[in-house]
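For reference, the chains in residue letters:
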Number of protein chains: 2
Amino acid sequence: MAQIPPPPSPAIEFWFEFASNYSYLSVMRIEDAARRRGVSIAWKPFLLGPIFRALGMETSPFVLQKEKGAYVRQDMVRQCGKYGLRWTQPSVFPRLGVLPLRIALIGAEEPWMGAFCRRVMELNFVLDEDMNQPDRLAPILTELGLPAAEIMDAAQAEPTKTRLRAQTEEARRRGVFGAPTFFVGKQMFWGNDRLDDALLFASEGKP
Amino acid sequence: MAQIPPPPSPAIEFWFEFASNYSYLSVMRIEDAARRRGVSIAWKPFLLGPIFRALGMETSPFVLQKEKGAYVRQDMVRQCGKYGLRWTQPSVFPRLGVLPLRIALIGAEEPWMGAFCRRVMELNFVLDEDMNQPDRLAPILTELGLPAAEIMDAAQAEPTKTRLRAQTEEARRRGVFGAPTFFVGKQMFWGNDRLDDALLFASEGKP
């Protein structure tokens, strides 16, 4: 008699961008929140720029719509207060994060992924520093006990660039229009405000 | 010696549109939620159309961005499940709601305001009916024990039309770019997802 396979362990896909302020909120809290619910995370770094351009926008809607941008600055102060996170309005927004995204692609299934992503987000949204600089990123890798030079080389090699473009194209194909976006099976959840709903759905099947 | 005035009772401004699906969620739950926190509601009906046009959009972003529209249809089913609300995807979206908005302007400080608004929202988002028809709206007023003909006449009189335009212009001037929007003093909160934060801020000063 064939054995019945065990039920798949609950999992959430986490699509994020280092330039995205609402992704910052989710990056900082997803590992703890997912662990509490017994949900595993599939980290999906992607580029928001090509997504926005495919939707006819030259840059972030927070820049294109100044009313929304002004609101988001107010909202981020309150949201960070609520989650106990530090917050500095970046002097450059949106900030290019293609190099850390490529590193994140390499680390997506590694145990250091969460810690690395939190450190990059803090470069952008706490320290207000250029997060696309090798000399800012290599020390993070080193502090995490990783072979920084080797990882930086792999991140800047052609296959990684191609993979990041392909992952971005997958996001577009699946209807992603902003970040963060979560998938649990075919259910899509948009925005940090839906992270808890998505985790509840992953762990208990309650959307 | 001059008396110190008592502290103002906590209050929230609730800017909403009958055409707006996320306003539906807030209209259905705001009276109960505000009562539990001892917060009074200043109801602020306004027209979203002129706001969107001032931002360079011909209609709702849920129509203009088909990816976002597809997501919102998925999200509304889940959100209504979460709040225990009925939901029918309207066959016409966004649906014109200028007449019920004018009635709401007249009722804004009346005890029947909440009940009237919930009934109009159900016309649009549960019964999938044209909510801009006098023969749909008059029975609601009558069932609420109100002089329907008198209120309908006042709603369609020029001063009410002018007031709705002025209130919409006030929304635009204050940076409103979508609905629902809440103000507590100068703090602005956008979206049904922020209703609880706004009420907490109104009652306890915690943003």
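Please refer to the structure placed before this passage.
The structure contained in this document is the topic of the report that follows. Please read these numbers as outputs of a predicted model, since none were measured by experiment.

1. Some points on unusual backbone geometry
Residues and elements named next belong to chain A.
- The amide bond that connects Ala179 to the next residue, Pro180, takes the cis arrangement and shows omega of 0°.
- Locating Pro180 in the fold gives a position in the loop between helix H9 (158–173) and strand S3 (181–184).
- Backbone geometry at Asp128 places phi at a positive 55°, although glycine is not the residue there.
- Along the chain, Asp128 turns up in the loop between helix H6 (113–125) and helix H7 (134–143).

2. Let's talk about the interface of chain B and chain A
- Taken together, the contacts link 23 residues of chain B with 23 residues of chain A.
- Interface of chain B and chain A: buried area, both sides summed, is about 2300 Å²; carbon and sulfur atoms make up 50% of it.
- Contact with chain A buries surface across chain B, with B:Tyr71, B:Arg78 and B:Arg194 losing the most and accounting together for 27% of the total.
- For the interface between chain B and chain A, the tally reads six salt bridges.
- Here B:Asp197 ties to A:Lys82 by a salt bridge, and the two come within 2.9 Å at their closest N and O atoms.
- Where chain B packs against chain A, one counts 18 residue pairs in polar contact (both at pLDDT 80 or more).
- For the side of chain B that touches chain A, the secondary-structure elements that each account for two or more residues are helix H4 (66–83) and strand S4 (187–190) of chain B.

3. What about the sheet that holds strand S3 (residues 181–184) of chain B?
All names here are of chain B.
- Reading across from one edge, S2-S1-S3-S4 is the order of the four strands in this open sheet, with mixed pairing throughout. Because the sheet does not close on itself, it has two edges, and the strands there are strand S2 (40–45) and S4. Direction aside, the axes of adjacent strands within the sheet are offset by 20° on average.
- Of the strand pairs in this sheet, S3 and S4 are connected by four bridges, and their pairing is antiparallel. Considered in S4, the bridge of Phe182 is made with Phe189.
- Relative to the sheet, helix H6 (residues 113–125) contacts strand S1 (11–16) and S2, its axis offset from that of S2 by approximately 45°.
- Along the sheet face, helix H10 (residues 195–204) touches S1, S3 and S4 and points at about 10° away from the line of S3.

4. Let's talk about the pairing of S1(B)
All names here are of chain B.
- The element S1 is largely enclosed, with a buried count of five among its six residues.
- Note that the unit made of S1, helix H1 (residues 21–36) and S2 has a crossover that is right-handed.
- Here S1 pairs with S3 via three bridges, running antiparallel. If you follow Phe14 over to S3, its bridge partner there is Phe182.

5. A word on the relation of the copies chain B and chain A
- You can overlay chain B on chain A at an RMSD of 0.0 Å; the transform is a turn of 180° with a shift of 0.0 Å along its axis. Taken together, these values place the two copies in the relation of a two-fold axis. Within chain B, the C-alpha atom positioned nearest to the axis of rotation is that of B:Asp193, 3.6 Å from it.

6. Considering the side chain of A:Glu17
All names here are of chain A.
- Residue placement: Glu17 occurs in the loop between strand S1 (11–16) and helix H1 (21–37).
- Buried and without a salt bridge, Glu17 has Arg53 as its closest oppositely charged side chain, separated by 8.9 Å.
- In contact with Glu17, other than residues within four places in its own chain, are Ser23, Phe46, Leu47, Leu48, Gly49, Leu101, Met121 and Ala179.

7. Brief notes about the sheet that holds strand S2 (residues 40–45) of chain A
All names here are of chain A.
- One open sheet accounts for four strands, arranged S2-S1-S3-S4; its pairing is mixed. Each edge of the sheet is formed by a strand with only one pairing partner; in this case those strands are S2 and strand S4 (187–190). The sheet shows a mean angle of 20° between the axes of neighbouring strands, direction not considered.
- Lying over the sheet, H1 contacts S1, S2 and S3, oriented at roughly 160° with respect to S1.

8. Here's the deal with the packing of aromatic side chains
- According to the stated counting rule, one finds 33 aromatic pairs over all chains in the structure shown.
- Taking 5.5 Å as the distance between ring centres and 55° as the angle between the ring planes, the aromatic pair formed by A:Phe14 and A:Trp43 counts as tilted. Pair noted here: A:Phe14 is in strand S1 and A:Trp43 is in strand S2, with a separation of 29 residues, a long-range link.
- Joined through ring pairs, the aromatic side chains of B:Phe14, B:Phe16, B:Phe18, B:Trp43, B:Trp112, B:Phe116 and B:Phe182 make up one cluster.
- The ring of A:Phe183 carries A:Arg174 above its face, with NZ or CZ at 4.1 Å from the centroid.

9. With respect to the pattern of salt bridges
- Scanning the entire structure with this criterion turns up 36 salt bridges over all chains.
- Between A:Asp135 and A:Arg136 there is a salt bridge whose closest N-O contact spans 3.7 Å.
- Residue A:Arg136 is classed as partly exposed on the basis of its relative accessible area of 34%.
- If you follow the salt bridges from partner to partner, you end up with A:Asp75, A:Arg78, A:Asp193 and B:Arg194 in one network.

10. Quick word on the layout of surface pockets
- What the second largest pocket holds in volume is close to 260 Å³.
- Residue lining of the second largest pocket: 15 residues in total, with A:Lys82, A:Asp193, A:Asp196, B:Lys82 and B:Asp193 positioned closest to the centre.
- When contributions to the lining of the second largest pocket are tallied by element, the ones reaching two or more residues are helix H4 (66–83) and helix H10 (195–204) of chain A together with H4 and H10 of chain B.
- Residue classes in the lining of the second largest pocket are distributed as two nonpolar, two polar and eleven charged.

The rules behind the values
Residues numbered from 1 in each chain as written. Chains lettered and ligands numbered in written order. Predicted model: local features only at pLDDT ≥ 70, side-chain atom pairs only at ≥ 80, totals over all residues. Heavy atoms only, no water. Helix = DSSP H or I, 4+ residues; strand = E, 2+ residues; numbered from the N terminus. Contact = heavy atoms within 4.5 Å. Buried area = accessible area lost by both parts, 1.4 Å probe. Salt bridge = Lys/Arg side-chain N within 4 Å of Asp/Glu carboxyl O. Polar contact = N/O pair within 3.5 Å; in protein donor to acceptor, adjacent residues only side chain to side chain. Pairing = 2+ DSSP bridges. Axes fitted to C-alpha atoms, helices over the stretch in contact; angles between N-to-C directions. Buried < 20%, exposed > 50% of the residue type's maximum accessible area, 1.4 Å probe, protein only. Right-handed = clockwise from strand over helix to strand, strands pointing away. Least-squares fit on C-alpha atoms with pLDDT ≥ 70 in both. Lys, Arg positive; Asp, Glu negative; His and termini not counted. Phe/Tyr/Trp six-rings, centres within 6.5 Å; stacked < 30°, edge-to-face > 60°. Lys NZ or Arg CZ within 6 Å of the ring centre and 35° of its normal. 1 Å grid on protein atoms, 1.4 Å probe; cavity = no way out; pocket = protein on both sides within 12 Å on 5 of 7 lines; lining within 4 Å. Points joined across faces, edges and corners; volume = space filled by probe spheres on them. Nonpolar A, V, L, I, M, F, W, Y, C, P; charged D, E, K, R; others polar.

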